[in-house]
Structure formats: structure tokens, C-alpha cells
Amino acid sequence: MLPPELQSRAFRPYISSSASAPSFATTSSSSYNGDQNPNPSPTSSSYYGGGAASRSRRASSSMKNSRLSPSSFIHNARMAVALVPIAAFLLDLGGTPVVATIIVGLMIAYILDSLNFKSGSFFAVWFSLIAAQITFFFSSSLYYTFNFMFLTLLAAFTCALANFLIGVWVSLQFKWILIEYPTIVVALERLLFACVPIIASALFAWATVSAVGMINAAYYLMVFNCIFYWLYSIPRVSSFKLKQEVSYHGGEVPEDSFILGHLESCVHTLNLVFIPLLFHIASHYLIMFSSSANVCDLFLLFFVPFLFQLYASTRGALWWVTKNENQLQSIRFVNGALALVVVVVCLEVRVVFHSFGRYIHVPPPLNYLFVTITMLGGAVAAGTYSLGMVSDAFSSLVFTALAIVVSASGAIVVGFPILFLPLPSIAGYYLARFFTKKSLSSYSAFVVLGSLMVGWFVMHNYWGLNIWIAGMSLKSFCKLIVGSVILAMAVPGLAVLPPQFRFLTEAGLISHALLLCYIENNFFNYSNVYYYGMDDVMYPSYMVIMTTFAGLAIVRRLSVDHRIGSKAVWVLICLYSSKLFMLFMASKTVLWVSAVLLLAVSPPLLLYKDKSKSASKMKPWQGYAHAGVVALSVWFCRETIFEALQWWNGRPPSDGLLLGSCILLTGLACVPIVAMHFSHVMAAKRYLVLVVATGLLFIVMQPPIPLAWTYHSDVIRSARQSTDDISIYGFMALKPTWPSWLLIAAILLSLAGVTSIIPIKYIVELRTSYAIALGVALGIYVSAEYFLQAAILHALIIVTMVCTCVFVVFTHLPSASSTKILPWVFALIVALFPVTYLLEGQVRINKSWLGESGVEDIAEEDSKIATLLAIEGARTSLLGLYAAIFMLIALEIKFELASLMREKFAERGGLRHSQSGESSSAASVPPRLRFMNQRRASTMPTFTIKRIAAEGAWMPAVGNVATVMCFSICLILNVHLSGGSNSAIFFLAPVLLLLNQDSDFFAGFGDKQRYFPVTVAISAYLVLTALYSIWEDVWHGNGGWGVDIGGPDWIFAVKNLALLVLTFPSHILFNSFVWSHTKQADSRPLLTIPLNLPSVIMTDLLKIKILGLLGAMYSVAQYLISRRQYFSGLKYI
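Residues numbered from 1 in each chain as written. Predicted model: local features only at pLDDT ≥ 70, side-chain atom pairs only at ≥ 80, totals over all residues. Heavy atoms only, no water.

**A few points about the confidence of the model for the protein**
Regions with low pLDDT carry predicted coordinates that are not meant to be interpreted in detail.
Right, on to step 1. A residue-level look at the protein finds 76% of positions with pLDDT of 70 or above and a mean pLDDT of 76.
Right, on to step 2. Every residue in residues 850-856 is under pLDDT 50, and counting partners more than four places away or in other chains gives six contacts.
Right, on to step 3. Considering only residues more than four positions removed or in separate chains, one finds that residues 1039-1048, a stretch of pLDDT under 50, has nine contacts. (pLDDT = per-residue confidence, 0-100. Contact = heavy atoms within 4.5 Å.)

As C-alpha cells, this is what we get:
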């Protein structure tokens, strides 16, 4: 039932604790006082003085009148229960195209959101969902799954509506929508709660039917209907209604504060009661009256949801019918009694006599009588007690008598000896007395007598059978079952013991969980029954899921009631959760291994939850101990990790992959320790990053590992020594993988230096050794991996990498003499580039053609061709290496210059702030002084460049040289690799953004002109390549239509040259605008657009067509930017 403060006089709807107090941001002037009268008198305003108080009162009144609050959507977890699995199901139906569309759309939305373009991010999400839905229609297999077009259209419509509901849910996560459109978000929230129960039930049932079959589809739909009805149809307060309304009228909640109205609640009730029945009739109409069991299905599909609806009415589910509690109680009593009788009778026919008839030892027709008495009496007793109707002496007497009759009748049904019939009657009496009196001695007597009856039943029915189940005899299994039942019966009695005996409850629960895990592990992994050749699946997957969630629910309930401690909760959650791993891996040890791993990983989450208490924080030694336990647990689980990787890859994983997975799992398992308990310790975060990076590097690089590191396991050794590998996978030429150790070491050294694990920032000698070691490791790796045959070049490559590392490290962390040495280091790198490039080919040519004879055969010609191809490939690799080096140098210098300018601006800003603080007593600033300050601020970049030139004039020049060389090498690579692709320039030109203003070559180049080199490079590249294409086509006779019809080549050349010239005005105007940012006449860019149209339509060359399109885009962009600058200036004025 509800807490008293939310219960009304006559009607008490269910309101979740989170919904009862939504949080919303208000200012101090418009805050609401909880003790204030919700209906203040008009004269109360005289109590407050001043205009500010009246404005505050008006703001508060307007907020109360709107009765809407811009708080966040508080039902996200409830919506995620339905919509997240639905999204996964739709992605699985759509396949890779839908997943790719969603990923691209969400990336665009994330980029727009990071740029604070909120509305753009919102529309990007919706456009990605629309695009994904269109892709879904064309890529899914719905058209081949259903035989009827109507079902196909209905399924497609359901998927589209689910996609729309996901978009609505995502829309409620945008805070600006909640603030700017309060009425719309209320409608969206109502739409979600109105549609999600119906759509989610259908899709969940669809997914279940796809997995397990169509036989019991109506029952699956009924179960999901009940679950989602409970989650969404029970009346709840809206997230966007003012929380003060809950306290109105003595705690009664107004109806318009609920999310759903009368119509939606009525539709949900009709969906709950009738849709499973109608679905069963539509799918089984040919056989629904063929037997009594099929007729009982019809009654069960109607009356079971009806009973659930009556129980939900205790939480306010029938608020739309009546508000009179007496009427609701009478509705529940009369309809519940009728529905209970029908359900019990149908269950007898459909379940008891159908599946358990062999255990009924009473001849007909007495068997129907005793089974009905047992089931109906038990259902009536349970229902009346759960509804709180056993409250006085008379009802307790009736309840006790009913329990005695039910127990005796049940004992007669299962064939209990008449001589010992008083035993079950006494057990029923003591059980009823426990429920009515809470007598622990009565429950102890019930446990003893119940254990005797369970033991008799097992001995009587199973003890004499010679059957092996799950690798054990039936007698051993019976012992385990009896022990599990006894523990399950004992735990409720132990739970009512005083707190000092709580350890008994914890021991009973943990023992029962261990026993259940052992039984299910044997059943599920040995899922066959061996009996005279019979082979049958005995323990399905859904039983594992049901027992897991039932156990977790019991643990949560006992924890909330403070019946068990946090340590027992931790152990029980780990044990029950580890059972789910059996569903994904067919291994005998996966349950226990996962339990150990969960026990090692989960303490930071489960044992130290209360952050308000200092004792809940780990001490350093506890953190080290937990991390060590995690590492040992992961190493203990290496066989399971090996089997998981083998299942994923289809073959045994390599040693590096196995070790990397263990290291990565260890690092990820330590994340809760660092995040929750040592978030203030930077060293812990740095070492954690290093461990995770090490695991990822081992997974990606998979270096060779000594056998002793991984072969301490029979399972791994047997998988490695399988003789089938060669017959299946064949012989594979192994490439030397030892250089990967050098790359791993280099990356880890870089991370250690960046995170200050290695203190290179403070010790110059250590910094030098660090840079040299990093360069040597990278140089040896590059030489051994890509230039293995050119041994003489290894020294040059290693020297180049050492110089690069020294330059980057000392540019980022300069020393006293580094500004004098680093320019020479860069000059050495530039000098080594042509030497290495030319020497590579010369060495191979001399080696290949040394001792060449006058007579050459075909083999020697092939050898020379192969050598030339190898030289070309090696030189291309060298170009790529030096392009990456120059790019790294340019990036580092750009970063350092930006940091230096930012520091200078901060120093100037602090100086001006202090000066303004000293002169704050002045009444006003003279206009002439204000003008001088503006002039001084405008000359700040020049001052900064001069200071930079004085401290290290080489940095901008070196950065520009590195940028130009990187761009030039990339252009050469573009010609060699892609033949001069037209689109490559759009990816290469942004490299020129790394250019800097220096005192020599780029003296007039400032921050405003940073985009000028990019646009000029694109235009110049396209123009020059277009001219070359015209010359090449004319020279080689590929002059298009002019040559094809026999005309002279100059017609082709003149036509395309003229069309090329027509594109010049747009490019010239735009590039001059990008350089000067001077507003020109609006008509000039627009007038150049028609000049580009002939180039787009009439040209024979794709480059000229691209120039025409680009010129038109330049003109439009220039016009829009100029207009924006104009309006911005008007706003400033």
C-alpha cells in the first residue's frame, strides 16, 4: 500500500517515490514554500513589502497556474525496461544497414550537441531514426517472414510505431525542450505511457515466439501484457507537474496530475483482458474447441489477466471506474471469487491432470473432488491473506481450518498413508498459526513435519528408480532436492528471528543458493536424461532465468526489510547472477568461475555503497587487496576466458590475445575501485589507464609470449596441441611478430610520460633518456616491420625516429638549451629525408644487379621487375613515414604556439583586471582612454608574435616548413597511390591549417587568414590538374567529341579552357574574401553563380565540373557569411 502522506480520503492511487517529489530548478525569488497555503487570500500580499516581493509572488502564482515544472523526465529507468530491448530487437531485424545508419546519425547528433547546436542535435536524432526506418523497410526480412500481406503491413507498422516511441523518449532527454515547450513534453510523456504497454507487449511476444516457437504464443503475450500493465498503467504522477500539488487537499492527488487519463486506462484494461484471448482465437480457431484442454486455454487467457487486473486495483488501477473504496472492494471480492473458481478448474484440467496425473493416487471421481478442494482452498487462503482479510479471530479461525483441510486433502491426493494423515493436518495447522500469530515454534514444527512429508514423497516415487540424471544417480539427485526444499522451508522462519540471529538467515540463504547453483549447473550442462537410450532435454533455459530473478527479488526484499546484511546480499547477488553465464557458454566451470570473478569485482559496488559514511570508503590497503584479488580471480578464470575467445573466434586464441584479455578484464574490473573510492588519487587513475592500455595493446598486437606464461592449464594445452589445426587451417607462413613488443613498449612509454608516471617533466637527463629510448624502440619496430630487407637503412631510420622523439619531447617540455639545439635536430630530419629516399633504391639496385652478365634470361628480368616494384613500395612507405613525422612536428608546434599565446593573453588579462580593480573608484572612463584600450587590445596578437620571435623565432618557421613538406609528400602519395584523385585534395588541404604566422614567409598571416591556404590549395590544385588533363588528353589524342568526329584538337582545348576560365571569378572573389574578410557588394558573389553553370553542364572534364560546383557553393557561402556579418554589426550597433 501507499505511504500515508499520499493517500486520499476515499481513493488512494499508487505513486512511486521518485514521482512524488520531482526536482526542478527555480530561482530563489520564485521558490515555493511547502507550508504556504495553496489558495492564498488576496490580502496576504500586504504582508510582503517592496516590488521584488510582489514580482516573486506573481512568478510563483504564474507557475502554480501553469501547474507545469521544467524538471527532468524521471521515468527513464521504467521506459528503458521496454524500449531498450525493443531497440535491440529492431536492430537485429534490420541488420547491418540499419545499424550503420543509426551509428552515423548518432555520431552527427553527438557532434552537433558538442558544438552546443541543440536544435540541430535534436533534428539529427529524428532524421537518423527516420533514415533507419526507411532502411529497415528495405533491408529487413519481414516480406519473407509472413505469408499474408496484412500481417506484413501490421508488423511493419508496429516496428515503425516502436521506432517513433524511441524517438519520443529520446526527445524527452533534451533539457531545452522541457524548458521551452512544457505543454508539449506533457503530451509526449502521456503518449509514451499510453502506447508503450501495447507495442512492447506485442514486440516482446514476437521476439519470444521467434526464439521458442508459436505453440504457447498467447500465454507469452498474456505474461508481457501483465508485466507492462503493472509498469505503465498503474496511475503515476507526471514528471512535469508541480510537486506541491501532491500536498493539496490533505494529500489527495488531483486526477489531472496523473500521466494517463480515463480513456488510456480503459484501453489498457481492454488490451490486458481481451487481446491475448483474441490472439489465441485468431491463431488456433481451427482447434480451439477440439478438446477440453483447448477450451480451458480460452478461459485461462481471459480470467488470469482479469484476476491480475483485480489485484492491480489495490494499487489504483481501476481509478477510472470509481473512487469509492467500498465499491472497489466489492468488485474485487465478487469478480475475484468467480474468476478464481474458473482459473482453478481450468488449471486442474490443463495442468494438474494433464502433466501430474501419475502422482494422483485417488480414483475418479474422488480425484477431481480432492484436487479441487486442495487447489481452490489453497488459492482462497492465499488470496484472502494477501488482501489483508485475515485480521480478526473469526477470519483467523476460518483461515486455520481451511489450511488444515487443504493439507489433508493434498496428502490424500498424493497417496499419503491414511494412518499418518494427522501429520499433514498438524503441519497445515502450524503453518496457519505462524501466519496469524507469527509464532516461530509453530513454523519450526511445520518445517519438521513438512520435511518428513517431502522425504516420504521422494522415497515413495523416485528412490527405487535406476536412472542417471545430469551425470549422477537419481538417489543422489533426490538428496540434493530434499536438502534444497528443507532449506527453502526453513528460511522464512529464520527471517523472523531477532537481529542478533540474522546470521542464521544469511547462512540458510547462501547454502540454498549454492545448492541451487550446483543442481542447475549439472542439469543445464548435462541436459540429457540417460535411461535405456532415451535422450530428452530436461532443464530449459527459461528455468534458469526464472530461478535467477526470483532469487534476486527475494534478496532485494529481505535486504529492504533489513533481514540480511550487506555481505550476504553481495554473496547472494553474485551467486544468482553467475547462473546467467551458463546461458552463453557451454562449460562445466563457467558458473563457479564467473561467481568467483563477480565476488572479486563487485565489492566496490555492493559492499561500499553508502557514500555518506566515511567507513564506506576503502582504505588504501583495502584497495590494493581488492585489486590483487581481482587479478588472481581473472587468472583463475583464464580457462573460461580461453573458451569464450575460442567460441567467439572459432579457433583457439593466440597467447597474446589471451593474456591481453586477462589484463584488460583486470583493468576494467578495477574501474569501480578507482572511480568510487580513489577518484581523488591521480596516481590510481594513471596506473589504471596504463593497465587498460596494456591489455588493449596485447589484444591488438598479439605479441609472441613464452609458453610458460599461458600453458599452466590442461585445457589450453590440449587445445594448442590439436592435430586438426593443420588439416583444417593448413600451413600458414608465420611472419615474425617480435617487433610488436617494441611498439607496445613505445606506446606504454608514451602513456607513462603523458600521465607523469615517469617524471620526465622535472628531470632533464631522464627526459633525454626517455626520448632516445622511445625513438630507438619506434625505429627498430619500423625497420623490422616495413624495411626488413634494407638493412643498411635501419641506422638512418633509427636516427630519424630518435631525432623526431627528441624534437617532440623537448618542444613540449623545453629545457634551458633546447631552443638552440632543436632547430638543428629538425634540419637533420629534413636532411635525412632525401638521403634515405635515394639510398633505399640505390642499395637494392646494386645488390640485385651486381655481377650482371651480358646475357639476360627471363628469370633475371623477372627478378629486376620484382626489385623495381619492391623499391617503389619501399619508397612509398618511406614517404608515408616522413609525412607522419612532419605532421607530428607541425601539430606539436601548433599546439605549443597556441598554448604560449593563450598564456600571454591570460597574463595580459590578469594585468588589466588588476589595473581595473585599482581604478574601480573612478566614476567613469574617459572616451579617449577607452579608445586607447581598444587599440592596445587590437595590437595584442602582434605583441605576442614579437615576444614569441624573441624567445624562439624558429618555432613558427619550423612548423611552416614541416606543414608544407607534409602537404607536398601527401600530394606525391596521392599521385602514386590513387593516380591523382580529385577528392583527395579535400582531405589533404586541411593540413595547411597548421601554418603559423612567422617573421619571414608568412608575416601577414594571422588568425583570420587561417582558412585561406585551404581554399587556395583546393582551387589551385583543381585548376592545375585540369590544365594538365587538357594537355594530356590533347597530347595523347583523347580530346573528347572534337577528336572523335575528326575535328582539330584545339576545339577541345579551347572549349574546356574557356569553361575553366569561367570558374575563376567565383574562386578569386571567395579566396580574397577569406583573406581579407571585407564585405563586398551583395550582388558580386551572386552574379558569379551563372558563370559556373556552363562549366558544370558543358565540360568534358570532371575536374572542371567540380570547380564549377565549388565556385557556385563559394558564391552562396560568401553571400550568406557577408549577410550574417552585416546583421551582426547591426545588432552590435
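Once the structure has been displayed, the description carries forward.
**Observations regarding the pattern of salt bridges**
Right, on to step 1. Applying the stated criterion across every chain yields a total of six salt bridges.
Right, on to step 2. Linking Arg 332 and Glu 325 is a salt bridge whose minimum nitrogen-to-oxygen distance equals 3.2 Å.
Right, on to step 3. Exposure remark for Arg 332: the relative accessible area of 10% places this residue in the buried category.
Right, on to step 4. Linking Asp 561 and Arg 557 is a salt bridge whose minimum nitrogen-to-oxygen distance equals 3.4 Å.
Right, on to step 5. On the accessibility criterion, Asp 561 (34% relative accessible area) is partly exposed. (Salt bridge = Lys/Arg side-chain N within 4 Å of Asp/Glu carboxyl O. Buried < 20%, exposed > 50% of the residue type's maximum accessible area, 1.4 Å probe, protein only.)

**Concerning helix H17 (residues 440-461)**
Because each turn of an α-helix spans 3.6 residues, side chains separated by three or four positions end up pointing in the same direction.
Right, on to step 1. Counted at 1.5 Å a residue, the expected span for H17 with its 22 residues is 32 Å, and the 31 Å between its end C-alpha atoms agrees.
Right, on to step 2. The inward-facing, buried residues of H17 abut helix H16 (422-437) and helix H18 (474-495). (Helix = DSSP H or I, 4+ residues; strand = E, 2+ residues; numbered from the N terminus. Expected span 1.5 Å × (residues − 1).)

**Side note on the packing of aromatic side chains**
Right, on to step 1. For the structure on display, the rule yields 38 aromatic pairs.
Right, on to step 2. An angle of 35° between the planes, with centres 4.7 Å apart, marks the rings of Phe 353 and Tyr 368 as tilted. Taken together, the positions of Phe 353 in helix H13 (residues 325-355) and Tyr 368 in helix H14 (residues 366-386) put the pair 15 residues apart, joining distant regions of the chain.
Right, on to step 3. Looking at Phe 353, the relative accessible area reads 22%, which means it is partly exposed.
Right, on to step 4. Ring centres of Tyr 882 and Phe 886 lie 6.3 Å apart, and the angle between their planes is 40°; this geometry places the pair in the tilted category. Placement of both Tyr 882 and Phe 886 in helix H36 (residues 858-918) is noted, with a separation of four residues, approximately one turn of the helix.
Right, on to step 5. By relative accessible area, Phe 886 is classed as buried at 0%.
Right, on to step 6. A network of ring pairs unites the aromatic residues Phe 122, Phe 123, Phe 127, Phe 174, Trp 176 and Tyr 181 as a single cluster. (Phe/Tyr/Trp six-rings, centres within 6.5 Å; stacked < 30°, edge-to-face > 60°.)

**Thoughts on the environment of Leu 347**
Right, on to step 1. With respect to the secondary-structure elements, Leu 347 resides in helix H13.
Right, on to step 2. Sequence-wise, Leu 347 and Ala 293 are 54 residues apart; in three dimensions their C-alpha atoms are separated by 9.3 Å.
Right, on to step 3. In this structure, Leu 347 is in contact with Leu 300, Val 352 and Met 375, ignoring residues within four places of it in sequence.

**With respect to unusual backbone geometry**
Right, on to step 1. Note that the residue after Pro 364, namely Pro 365, is joined by a cis bond; omega there is 0°.
Right, on to step 2. With respect to the element layout, Pro 365 can be found in the loop between H13 and H14.
Right, on to step 3. We note that His 562 has phi near 60°; this positive angle belongs to a residue other than glycine.
Right, on to step 4. Judged by its relative accessible area of 66%, His 562 is exposed.
Right, on to step 5. For Gln 702, which is not glycine, the phi dihedral falls at a positive 50°.
Right, on to step 6. Considering the arrangement of structural elements, one finds Gln 702 in the loop between helix H28 (682-701) and helix H29 (707-710).
Right, on to step 7. Using a relative accessible area of 33% as the deciding quantity, one classes Gln 702 as partly exposed.

**Side note on helix H24 (residues 620-636)**
Right, on to step 1. Spanning 17 residues, H24 covers 24 Å between terminal C-alpha atoms, matching the ideal 24 Å at 1.5 Å per step.
Right, on to step 2. Of the positions making up H24, those classed as buried are Gln 622, Gly 623, His 626, Val 630, Ser 633 and Val 634. Each buried residue of H24 sits inside an arc of 105° when the element is viewed along its axis, so together they form one side. Summarising the geometry of H24, the exposed residues directed more than 90 degrees from the buried face are Pro 620, Trp 621, Tyr 624 and Leu 632.
Right, on to step 3. The inward-facing, buried residues of H24 contact helix H22 (590-601), helix H23 (603-606), helix H25 (638-649), helix H26 (655-669) and helix H27 (671-677). (Arc of directions from axis to C-beta.)

**Details of the environment of Ser 654**
Right, on to step 1. The topology assignment puts Ser 654 in the loop between H25 and H26.
Right, on to step 2. Under the relative-accessibility criterion, Ser 654 is labelled partly exposed at 26%.
Right, on to step 3. On a C-alpha basis, the gap between Ser 654 and Gln 702 in space is 7.0 Å, while along the polypeptide they are 48 residues apart.

**Description of the nonpolar core**
Right, on to step 1. Counting residues in hydrophobic clusters, the biggest one holds 78 residues, and the most contacted among them are Phe 807, Phe 886 and Ile 889.
Right, on to step 2. Here this core gets twelve residues from one element, more than from any other, and that element is H36.
Right, on to step 3. Setting aside residues up to four positions removed in sequence, Phe 886 forms contacts with Phe 826, Ile 829, Val 830, Ala 962, Met 965, Cys 966 and Ile 969.
Right, on to step 4. Listed in part, the 52 residues of the second largest apolar core include Ile 86, Trp 126, Ala 132 and Leu 188. (Core = buried A, V, L, I, M, F, W, Y, C linked by side-chain atoms within 4.5 Å.)

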